[in-house]
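Residue-level listing of the chains:
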Amino acid sequence: MIITKTPFRMSFFGGGTDMEEYFKEYGGAVLSTSFDKYCYVNVRHLPPFFQYSTELSYSKTERVNSLEEIQHPAIREAMRMLNMQEIRLMYEADLPARSGLGTSSSFAVGMLHAFHALKGKYVDKKTLADQAIHLERVLCKEAGGWQDQIAASFGGLNRIDFSEEGYRVSPILISPERKQRLNENLMLFFTGFTRFSSEIQKANQSSSPEDKNALLREMKALVDEGADILCSKERDLDDFGRLLHSTWELKRKTAKSISTDSIDLLYEMGLRAGALGGKLLGAGGGGFLLFYVEKEKQQGVIEAMRDLLYIPFAFENGGTQVVYYSPETFEKKGR
(Lines give C-alpha, C1' and ligand atoms only; values in the text may rest on other atoms or scores of the structure.)
Protein backbone atom coordinates (compact mmCIF):
# COMPACT_ATOMS: atom_id res chain seq x y z
CA MET A 1 0.00 0.00 0.00
CA ILE A 2 1.19 3.51 -0.87
CA ILE A 3 -0.15 6.82 0.50
CA THR A 4 1.03 10.09 -1.02
CA LYS A 5 0.51 13.56 0.43
CA THR A 6 0.48 16.47 -2.02
CA PRO A 7 0.07 20.17 -1.13
CA PHE A 8 -2.32 22.66 -2.68
CA ARG A 9 -1.02 25.95 -4.00
CA MET A 10 -1.93 29.62 -4.03
CA SER A 11 -0.78 31.79 -6.90
CA PHE A 12 0.02 35.44 -6.22
CA PHE A 13 1.07 36.92 -9.55
CA GLY A 14 1.37 35.95 -13.20
CA GLY A 15 -1.65 33.66 -13.53
CA GLY A 16 -2.62 33.24 -17.17
CA THR A 17 0.92 33.67 -18.47
CA ASP A 18 1.51 29.95 -17.73
CA MET A 19 -0.80 28.98 -20.63
CA GLU A 20 1.29 27.16 -23.24
CA GLU A 21 -0.15 29.04 -26.20
CA TYR A 22 0.88 32.31 -24.50
CA PHE A 23 4.30 31.62 -23.00
CA LYS A 24 5.64 29.76 -26.05
CA GLU A 25 5.39 33.10 -27.89
CA TYR A 26 5.74 35.77 -25.21
CA GLY A 27 7.24 34.03 -22.17
CA GLY A 28 5.51 33.79 -18.81
CA ALA A 29 6.17 33.86 -15.08
CA VAL A 30 4.28 33.01 -11.91
CA LEU A 31 4.93 33.71 -8.22
CA SER A 32 3.23 31.11 -6.02
CA THR A 33 3.52 29.03 -2.87
CA SER A 34 2.33 25.69 -1.57
CA PHE A 35 0.71 25.60 1.87
CA ASP A 36 -0.32 23.16 4.56
CA LYS A 37 -3.55 21.83 3.07
CA TYR A 38 -3.18 18.53 1.21
CA CYS A 39 -4.75 15.80 -0.84
CA TYR A 40 -4.03 12.14 -0.08
CA VAL A 41 -3.98 9.28 -2.58
CA ASN A 42 -4.01 5.72 -1.27
CA VAL A 43 -3.17 3.00 -3.81
CA ARG A 44 -2.70 -0.75 -3.44
CA HIS A 45 -3.02 -3.85 -5.60
CA LEU A 46 -6.54 -5.21 -5.40
CA PRO A 47 -6.77 -8.71 -3.86
CA PRO A 48 -8.08 -11.27 -6.39
CA PHE A 49 -11.36 -12.07 -4.61
CA PHE A 50 -13.81 -9.69 -6.24
CA GLN A 51 -16.05 -9.61 -9.29
CA TYR A 52 -14.26 -6.43 -10.42
CA SER A 53 -10.56 -5.83 -11.09
CA THR A 54 -10.29 -2.14 -10.15
CA GLU A 55 -11.95 -0.08 -7.42
CA LEU A 56 -11.80 3.72 -7.33
CA SER A 57 -13.12 5.91 -4.53
CA TYR A 58 -13.23 9.71 -4.86
CA SER A 59 -16.48 11.75 -4.82
CA LYS A 60 -18.07 8.58 -6.16
CA THR A 61 -17.13 4.89 -6.25
CA GLU A 62 -16.30 2.98 -9.43
CA ARG A 63 -15.85 -0.78 -9.67
CA VAL A 64 -14.79 -1.89 -13.13
CA ASN A 65 -13.10 -4.69 -15.04
CA SER A 66 -11.39 -2.65 -17.76
CA LEU A 67 -9.79 0.75 -18.29
CA GLU A 68 -12.41 1.69 -20.85
CA GLU A 69 -15.12 1.47 -18.17
CA ILE A 70 -13.45 4.05 -15.90
CA GLN A 71 -15.40 7.31 -15.92
CA HIS A 72 -12.81 9.53 -14.20
CA PRO A 73 -10.67 10.74 -17.12
CA ALA A 74 -7.49 11.54 -15.15
CA ILE A 75 -7.46 8.17 -13.37
CA ARG A 76 -8.23 6.30 -16.58
CA GLU A 77 -5.51 8.01 -18.61
CA ALA A 78 -2.93 7.87 -15.80
CA MET A 79 -3.49 4.12 -15.43
CA ARG A 80 -3.16 3.70 -19.18
CA MET A 81 -0.02 5.85 -19.32
CA LEU A 82 1.78 3.93 -16.56
CA ASN A 83 0.23 0.53 -17.32
CA MET A 84 -1.48 0.21 -13.95
CA GLN A 85 -3.84 -2.73 -13.52
CA GLU A 86 -5.97 -4.30 -10.80
CA ILE A 87 -5.68 -1.59 -8.16
CA ARG A 88 -7.71 0.00 -5.41
CA LEU A 89 -7.40 3.79 -5.27
CA MET A 90 -8.82 6.11 -2.62
CA TYR A 91 -8.71 9.92 -2.68
CA GLU A 92 -9.41 12.43 0.07
CA ALA A 93 -8.47 16.04 0.68
CA ASP A 94 -8.38 18.81 3.26
CA LEU A 95 -10.23 21.24 0.97
CA PRO A 96 -13.04 20.87 -1.58
CA ALA A 97 -12.39 20.23 -5.25
CA ARG A 98 -12.95 22.93 -7.90
CA SER A 99 -12.13 25.70 -5.43
CA GLY A 100 -9.23 27.53 -7.11
CA LEU A 101 -6.25 26.01 -5.32
CA GLY A 102 -4.99 23.64 -7.99
CA THR A 103 -6.80 20.66 -6.44
CA SER A 104 -7.15 18.63 -9.65
CA SER A 105 -3.45 19.03 -10.46
CA SER A 106 -2.42 18.14 -6.90
CA PHE A 107 -4.49 14.98 -7.28
CA ALA A 108 -2.85 14.22 -10.63
CA VAL A 109 0.65 14.67 -9.17
CA GLY A 110 -0.14 12.64 -6.04
CA MET A 111 -1.73 9.84 -8.07
CA LEU A 112 1.20 9.56 -10.47
CA HIS A 113 3.60 9.60 -7.52
CA ALA A 114 1.65 6.76 -5.88
CA PHE A 115 1.59 4.71 -9.09
CA HIS A 116 5.36 4.98 -9.51
CA ALA A 117 5.93 4.13 -5.83
CA LEU A 118 3.68 1.06 -6.10
CA LYS A 119 5.95 -0.11 -8.92
CA GLY A 120 8.96 0.44 -6.64
CA LYS A 121 10.27 3.39 -8.66
CA TYR A 122 11.64 6.74 -7.48
CA VAL A 123 10.59 9.68 -9.65
CA ASP A 124 12.03 13.20 -9.32
CA LYS A 125 9.89 16.31 -8.96
CA LYS A 126 10.36 17.56 -12.51
CA THR A 127 9.36 14.22 -14.01
CA LEU A 128 6.20 14.19 -11.89
CA ALA A 129 5.34 17.74 -12.94
CA ASP A 130 5.97 16.97 -16.62
CA GLN A 131 3.87 13.81 -16.49
CA ALA A 132 1.01 15.58 -14.70
CA ILE A 133 1.03 18.38 -17.30
CA HIS A 134 0.94 15.79 -20.10
CA LEU A 135 -1.85 13.89 -18.35
CA GLU A 136 -4.15 16.87 -17.82
CA ARG A 137 -3.40 19.03 -20.82
CA VAL A 138 -2.73 16.41 -23.53
CA LEU A 139 -4.33 13.10 -22.58
CA CYS A 140 -7.39 14.57 -20.83
CA LYS A 141 -7.49 17.64 -23.09
CA GLU A 142 -8.31 19.96 -20.16
CA ALA A 143 -7.78 23.67 -20.73
CA GLY A 144 -5.39 25.41 -18.36
CA GLY A 145 -1.80 26.34 -17.63
CA TRP A 146 1.23 24.55 -16.23
CA GLN A 147 1.76 26.25 -12.87
CA ASP A 148 -0.46 24.00 -10.72
CA GLN A 149 1.30 20.74 -11.53
CA ILE A 150 4.71 22.33 -10.99
CA ALA A 151 3.76 23.92 -7.65
CA ALA A 152 2.32 20.62 -6.37
CA SER A 153 5.41 18.68 -7.41
CA PHE A 154 8.11 21.07 -6.20
CA GLY A 155 6.43 22.76 -3.22
CA GLY A 156 7.65 25.93 -1.51
CA LEU A 157 7.56 29.65 -2.31
CA ASN A 158 8.81 29.91 -5.89
CA ARG A 159 9.09 31.95 -9.01
CA ILE A 160 8.33 29.79 -12.06
CA ASP A 161 9.49 31.13 -15.44
CA PHE A 162 8.03 29.76 -18.69
CA SER A 163 9.55 29.95 -22.16
CA GLU A 164 9.60 28.14 -25.48
CA GLU A 165 12.14 25.72 -23.95
CA GLY A 166 9.90 24.82 -20.98
CA TYR A 167 10.07 26.12 -17.42
CA ARG A 168 12.48 26.91 -14.60
CA VAL A 169 11.67 26.85 -10.87
CA SER A 170 13.55 29.37 -8.68
CA PRO A 171 12.94 29.41 -4.90
CA ILE A 172 12.30 32.88 -3.47
CA LEU A 173 15.19 33.68 -1.13
CA ILE A 174 13.57 35.47 1.80
CA SER A 175 14.44 35.62 5.49
CA PRO A 176 12.42 33.32 7.76
CA GLU A 177 11.16 36.34 9.70
CA ARG A 178 9.94 38.16 6.59
CA LYS A 179 8.36 34.99 5.23
CA GLN A 180 6.56 34.42 8.54
CA ARG A 181 5.25 37.99 8.52
CA LEU A 182 3.98 37.55 4.97
CA ASN A 183 2.22 34.35 6.01
CA GLU A 184 0.66 36.05 9.03
CA ASN A 185 -0.66 38.95 6.92
CA LEU A 186 -2.44 36.72 4.41
CA MET A 187 -6.02 35.66 5.14
CA LEU A 188 -7.92 32.97 3.21
CA PHE A 189 -11.73 32.75 2.99
CA PHE A 190 -13.90 30.16 1.26
CA THR A 191 -16.68 31.76 -0.77
CA GLY A 192 -18.69 28.57 -1.01
CA PHE A 193 -18.71 28.70 -4.80
CA THR A 194 -16.93 25.92 -6.69
CA ARG A 195 -16.38 25.45 -10.42
CA PHE A 196 -14.39 23.46 -12.96
CA SER A 197 -11.22 25.43 -13.73
CA SER A 198 -11.05 24.01 -17.27
CA GLU A 199 -14.58 25.29 -17.99
CA ILE A 200 -13.68 28.76 -16.71
CA GLN A 201 -10.51 28.71 -18.83
CA LYS A 202 -12.55 27.90 -21.94
CA ALA A 203 -15.00 30.69 -21.14
CA ASN A 204 -12.10 33.08 -20.64
CA GLN A 205 -10.68 32.13 -24.03
CA SER A 206 -13.96 32.67 -25.80
CA SER A 207 -14.71 36.00 -24.15
CA SER A 208 -11.21 37.52 -24.06
CA PRO A 209 -10.78 41.10 -25.30
CA GLU A 210 -8.39 41.74 -28.16
CA ASP A 211 -5.90 43.37 -25.83
CA LYS A 212 -5.69 40.35 -23.45
CA ASN A 213 -2.05 39.75 -24.37
CA ALA A 214 -1.18 43.29 -23.32
CA LEU A 215 -2.88 42.70 -19.96
CA LEU A 216 -1.01 39.42 -19.53
CA ARG A 217 2.29 41.20 -20.14
CA GLU A 218 1.39 43.61 -17.34
CA MET A 219 0.51 40.67 -15.09
CA LYS A 220 3.85 39.03 -15.86
CA ALA A 221 5.65 42.26 -14.91
CA LEU A 222 4.00 42.08 -11.48
CA VAL A 223 5.97 38.87 -10.82
CA ASP A 224 9.22 40.87 -10.97
CA GLU A 225 7.77 43.51 -8.68
CA GLY A 226 6.37 40.95 -6.22
CA ALA A 227 9.64 39.04 -6.04
CA ASP A 228 11.55 42.27 -5.46
CA ILE A 229 9.26 43.25 -2.58
CA LEU A 230 9.79 39.88 -0.91
CA CYS A 231 13.55 39.71 -1.37
CA SER A 232 14.50 43.32 -0.71
CA LYS A 233 15.15 44.28 2.90
CA GLU A 234 14.45 47.91 2.03
CA ARG A 235 10.97 47.37 0.56
CA ASP A 236 7.86 47.69 2.70
CA LEU A 237 6.26 44.24 2.84
CA ASP A 238 2.82 45.86 2.85
CA ASP A 239 3.50 46.81 -0.78
CA PHE A 240 2.92 43.11 -1.51
CA GLY A 241 -0.69 43.55 -0.45
CA ARG A 242 -1.10 46.66 -2.58
CA LEU A 243 0.35 44.76 -5.53
CA LEU A 244 -2.25 42.02 -5.03
CA HIS A 245 -4.89 44.67 -5.58
CA SER A 246 -3.19 45.60 -8.85
CA THR A 247 -3.29 42.02 -10.10
CA TRP A 248 -6.96 41.76 -9.04
CA GLU A 249 -7.82 44.74 -11.22
CA LEU A 250 -5.80 43.45 -14.16
CA LYS A 251 -7.19 39.93 -14.00
CA ARG A 252 -10.78 41.16 -13.94
CA LYS A 253 -10.11 42.89 -17.26
CA THR A 254 -8.95 39.70 -18.99
CA ALA A 255 -12.38 38.01 -19.09
CA LYS A 256 -15.95 38.50 -17.88
CA SER A 257 -16.01 35.10 -16.13
CA ILE A 258 -13.15 35.94 -13.75
CA SER A 259 -15.46 37.40 -11.12
CA THR A 260 -19.14 37.80 -10.28
CA ASP A 261 -21.20 40.52 -8.64
CA SER A 262 -21.18 38.52 -5.40
CA ILE A 263 -17.40 38.10 -5.45
CA ASP A 264 -16.91 41.79 -6.29
CA LEU A 265 -19.06 42.76 -3.31
CA LEU A 266 -17.13 40.48 -0.96
CA TYR A 267 -13.84 41.88 -2.20
CA GLU A 268 -14.98 45.48 -1.65
CA MET A 269 -16.18 44.58 1.85
CA GLY A 270 -12.71 43.19 2.58
CA LEU A 271 -11.02 46.39 1.41
CA ARG A 272 -13.39 48.58 3.43
CA ALA A 273 -12.62 46.49 6.52
CA GLY A 274 -8.88 47.14 6.17
CA ALA A 275 -7.36 44.75 3.61
CA LEU A 276 -4.65 46.37 1.48
CA GLY A 277 -5.41 44.06 -1.43
CA GLY A 278 -6.32 40.57 -2.40
CA LYS A 279 -7.34 38.28 -5.20
CA LEU A 280 -9.62 35.45 -6.19
CA LEU A 281 -7.51 32.32 -6.42
CA GLY A 282 -7.65 30.10 -9.48
CA ALA A 283 -9.18 30.59 -12.92
CA GLY A 284 -12.06 32.65 -11.54
CA GLY A 285 -15.77 32.32 -10.88
CA GLY A 286 -15.55 31.33 -7.21
CA GLY A 287 -13.51 29.37 -4.72
CA PHE A 288 -11.23 31.14 -2.26
CA LEU A 289 -10.62 34.83 -1.63
CA LEU A 290 -7.14 35.78 -0.42
CA PHE A 291 -6.56 39.09 1.38
CA TYR A 292 -3.41 40.82 2.61
CA VAL A 293 -4.31 42.42 5.94
CA GLU A 294 -2.14 44.07 8.57
CA LYS A 295 -2.43 42.28 11.91
CA GLU A 296 -4.24 45.03 13.76
CA LYS A 297 -7.01 45.08 11.13
CA GLN A 298 -7.53 41.34 10.74
CA GLN A 299 -10.37 41.04 13.24
CA GLY A 300 -12.30 43.66 11.29
CA VAL A 301 -11.90 41.69 8.09
CA ILE A 302 -13.01 38.48 9.85
CA GLU A 303 -16.15 40.28 11.02
CA ALA A 304 -16.81 41.67 7.53
CA MET A 305 -16.43 38.17 6.08
CA ARG A 306 -18.49 36.54 8.85
CA ASP A 307 -20.67 34.68 6.33
CA LEU A 308 -17.57 33.01 4.83
CA LEU A 309 -15.37 30.27 6.24
CA TYR A 310 -11.97 31.57 7.39
CA ILE A 311 -9.14 29.10 6.69
CA PRO A 312 -5.92 29.61 8.71
CA PHE A 313 -2.90 28.22 6.88
CA ALA A 314 0.89 28.11 6.90
CA PHE A 315 3.37 28.04 4.04
CA GLU A 316 5.11 24.71 3.50
CA ASN A 317 8.37 23.91 1.76
CA GLY A 318 7.91 20.40 0.41
CA GLY A 319 6.09 19.11 -2.63
CA THR A 320 4.42 15.75 -3.06
CA GLN A 321 5.77 12.95 -0.88
CA VAL A 322 5.15 9.33 0.01
CA VAL A 323 4.02 9.32 3.62
CA TYR A 324 3.23 5.62 4.02
CA TYR A 325 4.39 2.40 2.42
CA SER A 326 3.70 -1.20 3.31
CA PRO A 327 4.35 -4.40 1.31
CA GLU A 328 1.31 -5.85 -0.39
CA THR A 329 -0.33 -8.73 1.44
CA PHE A 330 -1.77 -10.06 -1.81
CA GLU A 331 0.65 -9.60 -4.71
CA LYS A 332 0.27 -11.54 -7.91
CA LYS A 333 3.25 -13.25 -9.41
CA GLY A 334 4.81 -11.42 -12.30
CA ARG A 335 3.23 -8.10 -11.36
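So, a few notes on the structure that sits alongside this text. A quick note: this is a predicted structure, and the numbers were derived from the prediction, not measured. (Residues numbered from 1 in each chain as written. Predicted model: local features only at pLDDT ≥ 70, side-chain atom pairs only at ≥ 80, totals over all residues. Heavy atoms only, no water.)

1. Thoughts on the overall build of the protein
And then number 1: Helix and strand counts for the protein stand at 11 helices and 12 strands.
And then number 2: For the protein, with 335 residues in total, the buried portion stands at 56%.
And then number 3: A separation threshold of at least 6 residues defines the contact pool for the protein, and within that pool the share at least 24 residues apart is 75%.
And then number 4: By element, 49% of the accessible surface of the protein is carried by carbon and sulfur atoms, the whole surface being about 15,000 Å². (Helix = DSSP H or I, 4+ residues; strand = E, 2+ residues; numbered from the N terminus. Buried < 20%, exposed > 50% of the residue type's maximum accessible area, 1.4 Å probe, protein only. Contact = heavy atoms within 4.5 Å. Areas by Shrake-Rupley, 256 points an atom, 1.4 Å probe, with all protein chains shown as cover.)

2. Some thoughts on the nonpolar core
And then number 1: Counting 39 residues, the largest nonpolar core has Phe 12, Phe 13, Leu 186, Leu 188, Leu 230 and Phe 240 as the members making the most contacts within it.
And then number 2: Within the residue set of this core, elements represented by two or more residues are β1 (2-13), β2 (28-45), β8 (186-190), α8 (212-231), α9 (238-254) and β10 (288-292).
And then number 3: Residue contributions to this core peak at eight residues, all from α8.
And then number 4: Residue contacts for Phe 13: discarding those within four places in its chain leaves Ala 29, Val 30, Leu 31, Leu 222, Val 223, Gly 226, Phe 240, Leu 243, Leu 244 and Thr 247. (Core = buried A, V, L, I, M, F, W, Y, C linked by side-chain atoms within 4.5 Å.)

3. Comments concerning helix α2 (residues 73-81)
And then number 1: Taken together, the buried positions of α2 are occupied by Ala 74, Ile 75, Arg 76, Glu 77, Ala 78 and Met 79.
And then number 2: Packing partners of the buried residues in α2 comprise β3 (54-57), β5 (87-93), α3 (103-118) and α4 (125-139).
And then number 3: With its phi angle positive at about 55 degrees, Asn 83 sits one or two positions after the end of α2.

4. Focus: the pairing of strand β9 (residues 277-280)
And then number 1: Alternating positions in β9 separate into two faces, Gly 277 and Lys 279 on one and Gly 278 and Leu 280 on the other, with burial throughout.
And then number 2: One ladder, built from four bridges, connects β9 with β10; its direction is antiparallel. Each residue of the ladder has a partner; that of Gly 278, found in β10, is Phe 291. (Pairing = 2+ DSSP bridges.)

5. Side note on the sheet that holds β8
In a beta sheet, neighbouring strands are held together by backbone hydrogen bonds and run either parallel or antiparallel to one another.
And then number 1: What the four strands build is an open sheet, ordered β9-β10-β8-β11; its pairing is antiparallel. In this open sheet, the two edge strands, each paired with only one partner strand, are β9 and β11 (309-310).
And then number 2: Bridge count between β8 and β11: two bridges; the pairing is antiparallel. Across the sheet, Phe 189 pairs through a bridge with Tyr 310, a residue of β11.
And then number 3: The strands that helix α6 (residues 176-185) touches are β8 and β10; relative to β8, the one it contacts most, it runs at about 35 degrees.
And then number 4: Together, β9 and β10 form the strand contacts of helix α10 (residues 261-272), whose direction differs from that of β10 by roughly 20 degrees. (Axes fitted to C-alpha atoms, helices over the stretch in contact; angles between N-to-C directions.)

6. Some thoughts on the packing of α4 against helix α5 (residues 147-154)
And then number 1: One can describe the packing of α4 onto α5 by two numbers: an axis separation of 8 Å at closest approach and a directional angle of 150 degrees. What the angle tells us is that α4 and α5 run roughly antiparallel. Both α4 and α5 take part in a crossing whose hand is right-handed. In this structure, α4 contributes Lys 125, Lys 126, Leu 128, Ala 129, Ala 132, Ile 133, Glu 136 and Arg 137 to the contact, and α5 contributes Gln 149, Ile 150, Ser 153 and Phe 154.
And then number 2: Grouping the amino acids of the contact of α4 with α5 by side-chain chemistry returns six nonpolar, two polar and four charged. (Parallel < 35°, antiparallel > 145°, perpendicular 65-115°, else oblique. Left-handed = near helix turned anticlockwise from the far one by under 90°. Nonpolar A, V, L, I, M, F, W, Y, C, P; charged D, E, K, R; others polar.)

7. A short note on the pairing of β2
And then number 1: Within β2, 16 of the 18 residues are buried, which leaves the element mostly enclosed by the surrounding structure.
And then number 2: Alignment of β1 against β2, held across 11 bridges, turns out to be antiparallel. Each bridged residue has a counterpart across the sheet, and for Met 10 the counterpart in β2 is Thr 33.
And then number 3: In the sheet, β2 pairs with strand β6 (residues 157-163) via six bridges, with the strands oriented antiparallel.

8. Observations regarding the pattern of salt bridges
And then number 1: A complete count under the given rule lists 20 salt bridges for this structure.
And then number 2: A salt bridge links Glu 77 to Arg 80; the nearest nitrogen and oxygen atoms lie 3.4 Å apart. With Glu 77 and Arg 80 both in helix α2, this residue pair falls three residues apart, about one helical turn.
And then number 3: Exposure remark for Glu 77: the relative accessible area of 12% places this residue in the buried category.
And then number 4: Two residues, Asp 224 and Arg 159, come together in a salt bridge whose shortest N-O distance is 2.7 Å. Residue Asp 224 is located in helix α8, and its partner Arg 159 is located in strand β6; the two are separated by 65 residues in the primary sequence.
And then number 5: The structure contains a network of salt bridges with shared partners spanning Glu 225, Asp 228, Arg 235, Asp 236, Asp 239 and Arg 242. (Salt bridge = Lys/Arg side-chain N within 4 Å of Asp/Glu carboxyl O.)

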